[in-house]
Amino acid sequence: MLAKITPINFKSKETTKPSIKSIIGAVGGTAIPLAIIMKQRKIKNPLKMEYGLQDMLVLSAASVGGGVAAGMIGEDKQTRKSQLKEGVFQFLNASIPTWIIGGVLKLPESSHKFNNAPTKIFSVIGGLVVGMFGAAHVSNLIFDPKDKEPDRKLTFKDCIVNADDVLGALVLAKFPLIEKLHLDKLLPAIYAYCGIRAGNAKG
């Protein structure tokens, strides 16, 4: 039986204080690939970094991977399992909406009639909603294909963290306001937060 797509749950089972090891792992997981990308492009100031879809996917994967790997140190089997599951969820929740939005935005850009701000905003909102619930569905399918356990529900924090997808989408869509305010510079911090949440998951 396919895993069910569950409604948003505004309660969270996470501990209130993230562990130092998950913070170090997530921040390191974000900083290292960012430094490598900057070196390849000969960029010395991270504030001058321009992010593409591939950069977003790499940074989100590395951030979550670093947070989970460090968070698992010294933990029992059940906790490590929970961290791994949360890590996959956080990565999918960060990458699938971004990937969908990136693809959807190509449609209005290929049409002179629909290549405008309202159409792009509608595309971002639609892609975000579909991507968020799609990510939860895929995550539940991976770890519970026979639907024997309660599904991992979207929480209010998940919705907040999806600000990275909105920012990323607006960056890909080249909205003037985003470029003017340089809000894309917040992406590494948001990815690191995703990694910290995953590495701080408890059984």
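Read on for an overview of the structure. (Residues numbered from 1 in each chain as written. Predicted model: local features only at pLDDT ≥ 70, side-chain atom pairs only at ≥ 80, totals over all residues. Heavy atoms only, no water.)

## Brief notes about the overall build of the chain
Here's step 1: Within the chain, the regular secondary structure consists of 9 helices and 0 strands.
Here's step 2: For the chain, with 203 residues in total, the buried portion stands at 45%.
Here's step 3: When contacts within the chain are restricted to residue pairs at least 6 apart in sequence, long-range pairs at least 24 apart make up 79% of them.
Here's step 4: As displayed, the chain offers around 11,300 Å² of accessible surface, 68% of which is attributable to carbon and sulfur atoms. (Helix = DSSP H or I, 4+ residues; strand = E, 2+ residues; numbered from the N terminus. Buried < 20%, exposed > 50% of the residue type's maximum accessible area, 1.4 Å probe, protein only. Contact = heavy atoms within 4.5 Å. Areas by Shrake-Rupley, 256 points an atom, 1.4 Å probe, with all protein chains shown as cover.)

## What to know about helix H9 (residues 187-199)
Here's step 1: For H9, with 13 residues, the first-to-last C-alpha span of 19 Å sits near the 18 Å given by 1.5 Å per residue.
Here's step 2: Most of H9 sits out of view: 11 of its 13 residues are buried.
Here's step 3: Turning to H9, its buried residues are Leu 187, Pro 188, Ile 190, Tyr 191, Ala 192, Cys 194, Gly 195, Ile 196, Arg 197, Ala 198 and Gly 199. (Expected span 1.5 Å × (residues − 1).)

## What about the packing of helix H2 (residues 53-71) against H9?
A pair of packed helices is characterised by two quantities: the angle between their axes and the separation of those axes.
Here's step 1: As a packed pair, H2 and H9 sit with axes 7 Å apart at the nearest point and diverge in direction by 30°. Considering only the axes of H2 and H9, their crossing is right-handed. The segment H2 lies against H9, with Met 56, Leu 59, Ser 60, Ser 63, Val 64, Gly 67, Val 68 and Gly 71 engaging Leu 187, Tyr 191, Ala 192, Cys 194, Gly 195, Ala 198 and Gly 199.
Here's step 2: Residue composition of the contact of H2 with H9, grouped by class: 9 nonpolar, 6 polar and no charged. (Axes fitted to C-alpha atoms, helices over the stretch in contact; angles between N-to-C directions. Left-handed = near helix turned anticlockwise from the far one by under 90°. Nonpolar A, V, L, I, M, F, W, Y, C, P; charged D, E, K, R; others polar.)

## Brief notes about unusual backbone geometry
Here's step 1: Phi angles above zero are rare outside glycine, and Lys 42 is one such case at about 60°.
Here's step 2: We classify Lys 42 as exposed; its relative accessible area is 76%.

## Concerning the pattern of salt bridges
Here's step 1: All told, the structure shown has 2 salt bridges when counted by the stated rule.
Here's step 2: Salt-bridge contacts for Arg 41 lead to Asp 55; the nearest nitrogen and oxygen are separated by 2.7 Å. Highlighted residues: Arg 41 in the loop between helix H1 (20-40) and H2 and Asp 55 in helix H2, separated in sequence by 14 residues.
Here's step 3: Classification of Arg 41 as partly exposed rests on a relative accessible area of 39%.
Here's step 4: The class for Asp 55 is buried, based on a relative accessible area of 6%. (Salt bridge = Lys/Arg side-chain N within 4 Å of Asp/Glu carboxyl O.)

## A few points about the nonpolar core
Here's step 1: Core analysis: the biggest nonpolar cluster contains 13 residues, and Leu 34, Met 49, Tyr 51, Met 56 and Leu 187 have the highest contact counts within it.
Here's step 2: Listing elements by their share of this core, those giving two or more residues are H1, H2, helix H7 (163-172) and H9.
Here's step 3: Discounting residues that sit within four places of it in the chain, Leu 34 has contacts with Met 49, Tyr 51, Leu 59 and Pro 188.
Here's step 4: Core analysis: the second largest hydrophobic core is formed by 5 residues, Ile 101, Leu 105, Val 124 and Met 132 among them. (Core = buried A, V, L, I, M, F, W, Y, C linked by side-chain atoms within 4.5 Å.)

## What about the packing of H1 against H9?
Here's step 1: Closest axis-to-axis distance for the H1/H9 pair is 8 Å, and the angle between their directions is 145°. The two elements H1 and H9 cross, and the hand of that crossing is right-handed. Together, Ser 22, Ile 23, Ala 26, Thr 30 and Leu 34 of H1 and Pro 188, Tyr 191, Ala 192, Gly 195, Ile 196 and Gly 199 of H9 make up the contact between the two elements.
Here's step 2: Its residues assigned to classes, the contact of H1 with H9 shows 7 nonpolar, 4 polar and no charged.

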